[in-house]
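# Overview (structure and organization)
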Amino acid sequence: MKLSSVVVRVGLGAALALELGACAGRQQVAEESESRPSESLAAYYPLAVGNRWTYRVNGREDKTVDVEVLKEEDGYFQDNQGGQLTVDGFGVRDRKRYLLRGPLAQGNEWTNVVSVSSTERYRILQSGVPCEAPAGSFRHCVRVEARNRVDANTTLVNALTFAEGVGLVRIEVSAERSNGERVPQTWLELASYKLQGSDR
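Residues numbered from 1 in each chain as written. Predicted model: local features only at pLDDT ≥ 70, side-chain atom pairs only at ≥ 80, totals over all residues. Heavy atoms only, no water.

### Re the overall build of the protein
Condition: Helical segments are the DSSP runs of H or I of at least four residues, strand segments are the runs of E of at least two, and each set is numbered from the N terminus. Note on classification: 1.4 Å probe, protein chains only; a residue is buried when its accessible area is under 20% of the maximum for its type, exposed when over 50%, partly exposed between these limits. Residue contacts are counted whenever heavy atoms from the two residues lie within 4.5 Å of one another.
Counting its secondary structure elements, the protein contains 1 helix and 13 strands. Going residue by residue from the N terminus, the α and β elements of the protein occur as α-β-β-β-β-β-β-β-β-β-β-β-β-β. Here the protein holds 200 residues, and the buried ones make up 36% of them. Summarising the internal contacts of the protein: among those between residues at least 6 apart in sequence, 37% fall at separations of at least 24.

Written as structure tokens, this is what we have:
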């Protein structure tokens, strides 16, 4: 056997081993990036005309709310329920408040002054955690609590759960009394959704 053919075979073998190692490395990097939650705030509320979400009210299949983005105007996406949302460099917001604000880290807090007599306080309770709804199981979710004092004895508490690549998957509203007791008011959970390039 010629020396050149041995060199070629050994060289090809080494190249193949290096390529397989590189592929394994790329696969590991891809898996790691897939398992990490996105830092992009837009990923937690995909906004595009035609996007649709259907929510069950209080777990009832016969009582639903359909939210559909109808148009974009002045940078805000308007839905059929009167909502107007946008994503800017700080977070997901409507015209008065940030519903989700970066950084997406547990404990992050922000305040929204929505009127002269109304101040809402928000805090991220959990970030990068799994969550579930009738529409499915989601790997990367952010749970936010919003508090707004109604009077001396009552605080309205909204718990919002956002799933990466999906949007709002759960909304829980309760009234908290001055003694700390919470009385559930209503809740919505995502039953199905249709986004650009996705259908569930």
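### Focus: the state of the cysteines
The test is simple: To count as a disulfide, a pair of cysteine sulfur atoms needs to be within 2.5 Å.
Counted by the stated rule, this structure contains 1 disulfide. For Cys131, the disulfide goes to Cys141, at an S-S distance of 2.1 Å. Taking the sign of the S-S torsion, about -65 degrees here, the bridge from Cys131 to Cys141 comes out left-handed. In this pair, Cys131 is assigned in strand β8 (residues 118–133) and Cys141 in strand β9 (residues 136–149), connecting sequence segments 10 residues apart.

### Topic: the pairing of β9
We count it as follows: A pair of strands counts as paired when DSSP detects no fewer than two bridges linking them.
Two strands pair when backbone bridges link them, and β8 and β9 are joined in this way by 11 bridges, in the antiparallel orientation. Within β9, the residue paired with Glu132 across the bridge is Ser137. If you look at the hairpin formed by β8 and β9, you'll find 2 residues sitting between the two strands. Two strands pair when backbone bridges link them, and β9 and strand β10 (residues 154–163) are joined in this way by 9 bridges, in the antiparallel orientation. Each bridged residue has a counterpart across the sheet, and for Cys141 the counterpart in β10 is Ala163.

### Concerning the nonpolar core
The test is simple: Among the buried residues, those of types Ala, Val, Leu, Ile, Met, Phe, Trp, Tyr and Cys that are joined through side-chain atoms within 4.5 Å form a nonpolar core.
Trp53, Leu100, Phe138, Val144, Phe162 and Leu190 are the most contacted members of the largest nonpolar core, which has 40 residues in total. For this core, the elements supplying multiple residues, two or more each, are β1 (52–57), β2 (60–73), β6 (98–101), β8, β9, β10, β11 (167–177) and β12 (182–195). Here this core gets 5 residues from one element, more than from any other, and that element is β9. Leave out the neighbours within four places in its chain, and Phe162 touches Tyr44, Tyr45, Leu99, Leu100, His140, Cys141, Val142, Val144, Gly167 and Leu168.

### A short note on the pattern of salt bridges
For clarity, the threshold we go by: For this analysis, a salt bridge means a side-chain nitrogen from Lys or Arg found within 4 Å of a carboxyl oxygen belonging to Asp or Glu.
Tallied over the entire structure, the rule returns 13 salt bridges. Ionic pairing is found between Glu172 and Arg170, a salt bridge with its closest N-O pair at 3.3 Å. On the accessibility criterion, Glu172 (30% relative accessible area) is partly exposed. Through salt bridges that share partners, Arg123, Glu145, Arg147, Glu176 and Arg182 make up one connected network.

### Description of the pairing of β10
The buried fraction of β10 is high, at 7 of 10 residues. Here β9 folds back onto β10, and the loop between the two strands holds 4 residues. Looking at chain direction, β10 and β11 are connected through 10 bridges and run antiparallel. Pairing of Thr155 across the sheet is with Glu176, part of β11.

### With respect to the environment of Ala175
Residue placement: Ala175 occurs in strand β11. Linking Ala175 and Asn148, residues 27 residues apart in sequence, is a C-alpha distance of 9.7 Å.

### Some points on the packing of aromatic side chains
For the record, the criterion: Note on aromatic contacts: the rings of Phe and Tyr and the six-membered ring of Trp form a pair at centre separations within 6.5 Å, being stacked when their planes are under 30 degrees apart, edge-to-face when over 60 apart, and tilted otherwise.
Tallying each qualifying case throughout the model produces 5 aromatic pairs. Between Phe90 and Tyr98, the aromatic rings sit 6.4 Å apart at their centres with planes inclined by 80 degrees, giving edge-to-face as the arrangement. On the basis of relative accessible area, Phe90 is assigned to the partly exposed category, the value being 49%. Aromatic side chains Trp110 and Tyr122 sit 5.4 Å apart centroid to centroid with 15 degrees between the ring planes, which places their arrangement in the stacked category. Of this pair, Trp110 sits in strand β7 (residues 109–115) while Tyr122 sits in strand β8, and the two are 12 residues apart along the sequence. Accessibility classification places Trp110 together with Tyr122 in one group, the buried group. Through successive ring pairs, a cluster of aromatic residues spans Tyr45, Trp53 and Phe162.

These figures come from the coordinates and say nothing about function on their own.
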